[in-house]
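Per-entry structural report
Single-letter residue listing:
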Amino acid sequence: MEEQRSKVTLHGMWISTYSKRVEIALKLKGILYEYVEEDLQNKSESLIQLNPVHKKIPVLVHNGKPVAESLVILEYIDETWKNSPRLFPEDTYERAQVRFWVSYINQQVFEVMGQVVFQEGEAQAKSVEEARKRVQVLEEGLKKHFPNKNIRENDDVGLLEITIIATFGAHKAYREALGVEIIDPVNTPTLYNWIERLQDLTVMKEVEVPRDKLVNFLQNYRQKLLQQAASA
């Protein structure tokens, strides 16, 4: 296919879950691409020119044409490269459910989990409890709407699975770095098992961030944020 022979570049950042989603999609589709690591503390002129509205990653550049925002990029990838796996289900109701739960993760779960990183004491405990409640809602949604889901190969992975592994795949590193547990096999067995099966796929191992690197980053980042808050 002509699209597969064309030039593809991804501007991303190693710690970004949104950037990781695009990496996973490109790997799943077998699309060859060049990766450009961006420093959001010192944004490159290329990034600013490619995404002048938000000046953020990820940005996919296909034959010189930039596409911004992770969900928009994933839609573009699926519509441009129509080979398996398809990221969006063909069934309209299933596609609606996938979109709903991806939106829920983005708007309800990811935000409160992020708060845990820069809080401590009672404030952090409240955020952890709220995160557990929201993750429990996701757990029930997965059991209700995707009861027969099997994840054994790349063709079993779509938008929802990509969002789950990119957002929650490092939950054990977060537990090690922050000392809190939000996802576990007892209280959230469905979500936990989805993550475990996704992590077993070779394509996920190719984009996985080394655990030690992530733990060190989280600990240092958390300490920096706490110091800034204390001196404010």
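Owing to the predicted nature of the structure, the values given are computational and were not obtained by experimental measurement. (Residues numbered from 1 in each chain as written. Predicted model: local features only at pLDDT ≥ 70, side-chain atom pairs only at ≥ 80, totals over all residues. Heavy atoms only, no water.)

With respect to the packing of helix H8 (residues 171–178) against helix H11 (residues 211–231)
Relative to each other, H8 and H11 sit at 45°, their axes nearing to 9 Å. Taken together, H8 and H11 sit at an angle that is classed as oblique. Remark: the crossing between H8 and H11 carries right-handed chirality. Residue-level contacts link Lys172, Ala173, Tyr174, Arg175, Glu176, Ala177 and Leu178 of H8 to Arg211, Leu214, Val215, Leu218, Gln219 and Arg222 of H11. Across the contact of H8 with H11, the residue classes tally to seven nonpolar, one polar and five charged. (Axes fitted to C-alpha atoms, helices over the stretch in contact; angles between N-to-C directions. Helix = DSSP H or I, 4+ residues; strand = E, 2+ residues; numbered from the N terminus. Parallel < 35°, antiparallel > 145°, perpendicular 65-115°, else oblique. Left-handed = near helix turned anticlockwise from the far one by under 90°. Contact = heavy atoms within 4.5 Å. Nonpolar A, V, L, I, M, F, W, Y, C, P; charged D, E, K, R; others polar.)

Some points on helix H6 (residues 121–145)
Given 3.6 residues per helical turn, the α-helix brings residues three or four places apart onto the same face. In a regular helix each residue adds 1.5 Å, so 25 residues correspond to 36 Å; H6 covers 36 Å between its end C-alpha atoms and thus fits that length. Along H6, the residues classified as buried are Gln124, Ser127, Val128, Ala131, Arg134, Val135, Leu138, Glu139, Gly141 and Leu142. On its buried face, H6 sits against helix H5 (92–117), helix H7 (159–168), helix H9 (189–199) and H11. (Expected span 1.5 Å × (residues − 1). Buried < 20%, exposed > 50% of the residue type's maximum accessible area, 1.4 Å probe, protein only.)

Observations regarding the UniProt feature "domain: GST C-terminal" (unreviewed entry) in the protein chain
This chain's UniProt record puts "domain: GST C-terminal" (unreviewed entry) on residues 91–217. Helix makes up 73% of residues 91–217 and strand 0%. Its end C-alpha atoms lie 41 Å apart. (UniProt positions renumbered as here; feature names shortened; annotations may be inferred.)

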